[in-house]
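Observations on chain architecture
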Amino acid sequence: MREAVPARKGAAHDSVSDLVDDLLAGNKRAAAKLISLIEDDEPEATDALARIFPHTGRAHVVGFTGPPGVGKSSLINRLVRKYRSRDRKVGVVAVDPTSPYTGGAVLGDRIRMADTGVDPGVFIRSMATRGHAGGLALATFDAVRVLDALGMDIVFVETVGAGQSEVEIATRAHTTVVVEMPMTGDAVQTMKAGILEIGDVYVVNKADLGNEDVLVANLKFQLTARDGWIPSVIRTAATEGRGIDELADALDRHAAYLDQTGFRAKREVARARLEILENAQRLLSRRVANRSRMGRAFDALAEDVAARRLDPHAAARKLLWPTRPREK
Amino acid sequence: MIPIAKKIRVLIAKPGLDGHDRGAKVVARALRDAGMEVIYTGLRQTPEDIVEAAIQEDVDAIGLSCLSGAHMTLFPEVVKLLKKRKSGDILVAGGGIIPEEDVPKLKKAGIKVVFGPGTPLRDIVAFFETAGKGA
Ligand SMILES: Nc1nc2c(ncn2[C@@H]2O[C@H](COP(=O)(O)OP(=O)(O)OP(=O)(O)O)[C@@H](O)[C@H]2O)c(=O)[nH]1
Ligand SMILES: [Mg+2]
């Protein structure tokens, strides 16, 4: 593992409050610097997030998951242009895996999103997982918040598309898009376990290759309602731009459904619960690693457990509630 | 694995019209193997595209690869646009088939370093490592 490098030079010169002011004025450089601060877990990140948070909550967040190479980036590229033609500002956060051996990453999603060029209404950020399991990076949804505060109307999140990413993205995004593609030959057209429960919109991409009817029929047969919403199944050919209007319409219909039924608010609360817990866990991990009182208590408890004076469950309770050892 | 903070981020881009990106890809992989995050943007990017991507990705440095012979206009243009966007702190390196006599001119135009064909990958990696450390 490599040693840490100092903060990027630019960020060091800008104060957090200036950066946030610039962000709220629509400055992309400020948005990028703030995302880096958060991603690098700089000391200023907490302050930055606290300042940004009141200006978020307007963007509709759409998560994309699906196996590697299925066409997620190509679809997002087309959707970005579609939404721009509908005069909406679009943000993208695209996640690729960090190599567990070197800690490095090649982030290639931008190759497929090159059409947007220098459009002022588009912001694309590539992100490596940096060891976070689940097909997303720890900072992914904080980056989404930055883009929300930058004034983006819709933000697309592309996951790594492997492992448990499906589950995590579905708890974070307002709308979850599951992308699949037809398999050739006699391959059984079945889905990975769990995938049928998490999508709001299912896309059968690469329809130009043919053989998509079996998969579409299979999906329609197996899908069940989530929050009272029966998932849409859309055929696309991203490289030709086919089915993109239908896909954008399906995304808009789902967004409207969430608003009309109150499920948007429900999803926000579910996400807040998750985020509070996650942050609490992170704070706890950091506290016990410190030379704080809690850190010393943690070390002592570890000695007790190793010497069989205390079991690990009791030790955990004692760590959290040192004065009330019986609390659950 | 414990999540790692702070990474050197590098944009590898190919301005111009030539379609050869093998060299760019080899460099991208070498930088990844050295622990950096490499954003690869693909072929035929304009200087405007490259600068926009570099700003959004908040990279420490840009590696430009050009085999078409248009480096004398494309490379300095990237440096100029970066300065215009208050991002002159992003270092720019150039590579490709670049005649010896062009190197001083490119350096004068703000290209930090020029890698000719046959430059050991080790040297290229070392440059971006120092770039990331704010040198
Ligand atoms: N024939 C065909 N090819 C497509 C289609 N959509 C994407 N592709 C191709 O499939 C390959 C992968 O596309 P991407 O958009 O990069 O797929 P992805 O899901 O983002 O891939 P990862 O990010 O690596 O997981 C590229 O070569 C695309 O050109 C399509 O509708 N039809
Ligand atoms: Mg992709």
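In this report, the structure presented in the accompanying data block is examined.

A closer look at the site of ligand 1
Residue and element names in this part refer to chain A. Lining the immediate surroundings of ligand 1 are 17 residues, of which Lys-72, Ser-73, Ser-74, Asp-208 and Ala-238 lie closest. Interatomic distance of 2.9 Å between a side-chain N/O atom of Glu-158 and an oxygen atom of ligand 1. Across the shell around ligand 1, the residue classes tally to 5 nonpolar, 6 polar and 6 charged.

What to know about the coordination of the magnesium ion (ligand 2)
Residue and element names in this part refer to chain A. Protein-derived ligands of the magnesium ion (ligand 2) are Ser-73 (OG), Asp-109 (OD) and Glu-158 (OE), with the metal-ligand distances lying across 2.1 Å. Donor residues binding the magnesium ion (ligand 2) come from one chain and are separated in sequence as S-x35-D-x48-E. Note that Ser-73 is positioned in helix α5 (residues 72–85) and Asp-109 in the loop between β3 (105–107) and β4 (122–128), a separation of 36 residues in sequence. Judged by relative accessible area, Ser-73 falls into the buried class, the value being 7%.

With respect to the interface of chain A and chain B
In this assembly, 38 residues from chain A lie in contact with 40 residues from chain B. Roughly 3600 Å² of surface becomes buried between chain A and chain B when both sides are summed, with 54% attributable to carbon and sulfur atoms. At the junction of chain A with chain B, the criterion picks out 7 salt bridges. As a salt-bridge pair, Glu-57 of chain B and Arg-125 of chain A come within 4.0 Å of each other at their nearest N and O atoms. Viewed at the interface, chain B and chain A are joined by 19 residue pairs in polar contact (both at pLDDT 80 or more). Among the secondary structure elements, those contributing two or more residues to the side of chain A that touches chain B are α1 (9–13), α3 (28–39), β3 and β4 of chain A. For the side of chain A that touches chain B, the class distribution of residues is 16 nonpolar, 9 polar and 13 charged.

Observations regarding the environment of Arg-84 of chain A
All names here are of chain A. Along the chain, the position of Arg-84 falls in helix α5. What makes Arg-84 partly exposed here is its relative accessible area of 23%. Arg-84 sits 37 residues away from Gly-121 along the chain, and the two C-alpha atoms are 7.4 Å apart. Look past the residues within four positions of Arg-84 in its chain and what remains in contact with it is Lys-89, Val-90, Asp-119, Gly-121 and Val-122.

Some words on the sheet that holds strand β2 (residues 37–40) of chain B
Strand order across the open sheet formed by 6 strands is β3(A)-β2(B)-β1(B)-β3(B)-β4(B)-β5(B), with parallel pairing between neighbours. Both edges of this open sheet fall to β3 of chain A together with β5 (113–115) of chain B, since each of them pairs with a single strand only. Strand-to-strand twist across the sheet, computed as the mean angle between neighbouring axes with direction ignored, equals 20°. Sitting on the sheet, helix α3 (residues 71–84) of chain B is in contact with β3 (61–66) and β4 (91–96) of chain B, with an inclination near 160° to β3 of chain B.

Quick notes on the pattern of salt bridges
Taken as a whole, this structure holds 40 salt bridges over all chains when the rule is applied. We note a salt bridge from Lys-82 of chain A to Asp-245 of chain A, for which the minimum N-O separation is 3.3 Å. Of this pair, Lys-82 of chain A sits in helix α5 while Asp-245 of chain A sits in helix α10 (residues 244–261), and the two are 163 residues apart along the sequence. A residue is classified by how much of its surface remains accessible, and Asp-245 of chain A, at 37% relative accessible area, is partly exposed. Taking the shortest distance from any N to any O, the salt bridge between Lys-25 of chain B and Asp-21 of chain B comes out at 3.6 Å. Taking relative accessible area as the criterion, Asp-21 of chain B reaches 16% and is therefore assigned buried. Several salt bridges converge on common partners, so that one network encompasses Glu-39, Asp-40, Arg-110, Arg-125 and Arg-130 of chain A together with Arg-9, Glu-37 and Glu-57 of chain B.

Focus: the side chain of Asp-102 of chain B
All names here are of chain B. On the secondary structure map, Asp-102 appears in helix α4 (residues 102–108). Among the residues examined, Asp-102 registers a relative accessible area of 11% and is labelled buried. Dropping the residues within four chain positions of it, Asp-102 is found in contact with His-71 and Met-72.

What counts and what doesn't
- Residues numbered from 1 in each chain as written.
- Chains lettered and ligands numbered in written order.
- Predicted model: local features only at pLDDT ≥ 70, side-chain atom pairs only at ≥ 80, totals over all residues.
- Heavy atoms only, no water.
- Near = heavy atom within 4 Å.
- Polar contact = N/O pair within 3.5 Å; in protein donor to acceptor, adjacent residues only side chain to side chain.
- Nonpolar A, V, L, I, M, F, W, Y, C, P; charged D, E, K, R; others polar.
- Donors = N, O, S within 2.8 Å, 3.2 Å for Na, K, Ca; no water.
- Helix = DSSP H or I, 4+ residues; strand = E, 2+ residues; numbered from the N terminus.
- Buried < 20%, exposed > 50% of the residue type's maximum accessible area, 1.4 Å probe, protein only.
- Contact = heavy atoms within 4.5 Å.
- Buried area = accessible area lost by both parts, 1.4 Å probe.
- Salt bridge = Lys/Arg side-chain N within 4 Å of Asp/Glu carboxyl O.
- Pairing = 2+ DSSP bridges.
- Axes fitted to C-alpha atoms, helices over the stretch in contact; angles between N-to-C directions.

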